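Working through the structure, step by step
Okay, here's what each chain looks like letter by letter:
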Amino acid sequence: MSLEKIIASLPDRSAGELKQMRLNAIEQSESDDPKKAAEAQQFLAALDEVEADEHAELIAEVKGLEPAERVIKAFKAEPMTDTEERLIQVLLDNPNSTSGELTERISWKGMSWHLHFGTMCANRGVYLGQPPKATTPNGKFYTGILADFDNVASRFTMKPDVAAAFAQVGLKGKS
């Protein structure tokens, strides 16, 4: 199926299908094949547009909320999975850590923590808002919605207002 046909079918897709399609496109956007990466970016832009149309009322509702309120609303509307809880908890427990350190602390391999954390943020983007600009293939730094990143040291720390919001739903860093 051509990209245009896939994009045209988006309004008829279920939320689960759209979520999986987004995950696939995010992965493809990091492809070494420039054509695949460009098509993934085009798809993500179209998906953003479709979701924005479908969620216009929700977007207006959360627009005036403080970041902590958005976090609470996002994770109440779409409860975190056990894996997402681990992603959040490891950062709360280990501020100022690299992606590799965080990945290792949850017994995974490589430097995948930030990719999974960013996907979690992207999946709740309608609640959390737009990510900061980045030099990634899709130009968005989804992890940066909830975490601060030190470009020099390559270290992540949960944003203070976000940490306070997670504390309200029972996730706190170790003392």
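Below is a summary of the structure that appears in this document.

Conventions we followed
Residues numbered from 1 in each chain as written. Predicted model: local features only at pLDDT ≥ 70, side-chain atom pairs only at ≥ 80, totals over all residues. Heavy atoms only, no water. Salt bridge = Lys/Arg side-chain N within 4 Å of Asp/Glu carboxyl O. Helix = DSSP H or I, 4+ residues; strand = E, 2+ residues; numbered from the N terminus. Buried < 20%, exposed > 50% of the residue type's maximum accessible area, 1.4 Å probe, protein only. Pairing = 2+ DSSP bridges. Contact = heavy atoms within 4.5 Å. Polar contact = N/O pair within 3.5 Å; in protein donor to acceptor, adjacent residues only side chain to side chain. Axes fitted to C-alpha atoms, helices over the stretch in contact; angles between N-to-C directions. Parallel < 35°, antiparallel > 145°, perpendicular 65-115°, else oblique. Left-handed = near helix turned anticlockwise from the far one by under 90°. Nonpolar A, V, L, I, M, F, W, Y, C, P; charged D, E, K, R; others polar. Core = buried A, V, L, I, M, F, W, Y, C linked by side-chain atoms within 4.5 Å. Phe/Tyr/Trp six-rings, centres within 6.5 Å; stacked < 30°, edge-to-face > 60°.

Things to note about the pattern of salt bridges
Inspection of every chain in the model, using the stated rule, returns four salt bridges. We note a salt bridge from Arg22 to Asp48, for which the minimum N-O separation is 2.8 Å. Of this pair, Arg22 sits in helix α2 (residues 15-28) while Asp48 sits in helix α3 (residues 34-54), placing them 26 residues apart in sequence. You can call Arg22 buried: its relative accessible area is 4%. Given a relative accessible area of 23%, Asp48 falls into the partly exposed group. Among the charged side chains, a network of salt bridges with common partners joins Arg22, Asp48 and Lys140.

Some remarks on the pairing of strand β2 (residues 155-158)
The two faces of the sheet receive side chains in turn, since in a regular strand these alternate between them. The alternating pattern of β2 places Phe156 and Met158 on a buried face and Arg155 and Thr157 on a face that is not buried. The hairpin turn running from strand β1 (residues 147-150) into β2, its antiparallel successor, is four residues long, and Ser154 in that turn takes a positive phi close to 55°.

Re the environment of Thr157
Assignment of secondary structure puts Thr157 in strand β2. For the pair Thr157 and Leu102, spaced 55 residues apart in sequence, the C-alpha to C-alpha distance is 11 Å. Excluding residues that lie within four positions of it along the chain, Thr157 makes contacts with Leu91, Pro95, Asn96, Ala147 and Asp148. At 3.0 Å, the side chain of Thr157 forms a polar contact with the backbone nitrogen of Asn96.

Describing the packing of α2 against α3
Between α2 and α3, the shortest axis-to-axis distance is 8 Å and the interhelical angle comes to 150°. By the angle between their axes, α2 is roughly antiparallel relative to α3. Crossing of α2 against α3: the hand is left-handed. Mapping the contact onto sequence places Leu18, Met21, Arg22, Ala25, Ile26 and Gln28 in α2 and Lys36, Ala37, Ala40, Phe43, Leu44, Leu47, Asp48, Glu51 and Glu54 in α3. The residue makeup of the contact of α2 with α3, split by class, is nine nonpolar, one polar and five charged.

Notes on the nonpolar core
Ranked by size, the top nonpolar core spans 43 residues in total, and within it Ile88, Trp113, Phe117, Leu146, Met158 and Phe166 carry the most contacts. Apart from the residues within four sequence positions on either side, Phe166 is in contact with Val71, Phe75, Met80, Ile88, Leu92, Leu146, Met158 and Leu171.

Remarks on the packing of aromatic side chains
Counted by the stated rule, this structure contains five aromatic pairs. With 5.2 Å between their ring centres and 65° between their planes, Phe75 and Phe166 make a pair best called edge-to-face. Here Phe75 is found in helix α5 (residues 67-77), whereas its partner Phe166 is found in helix α10 (residues 160-168), with 91 residues between them in sequence. An angle of 45° between the planes, with centres 4.7 Å apart, marks the rings of Phe149 and Phe156 as tilted. Looking at Phe149, the relative accessible area reads 31%, which means it is partly exposed. Its relative accessible area of 4% is what places Phe156 among the buried residues. The rings of Trp113, Phe117, Phe141, Phe149 and Phe156 are connected pair by pair, giving a single aromatic cluster.

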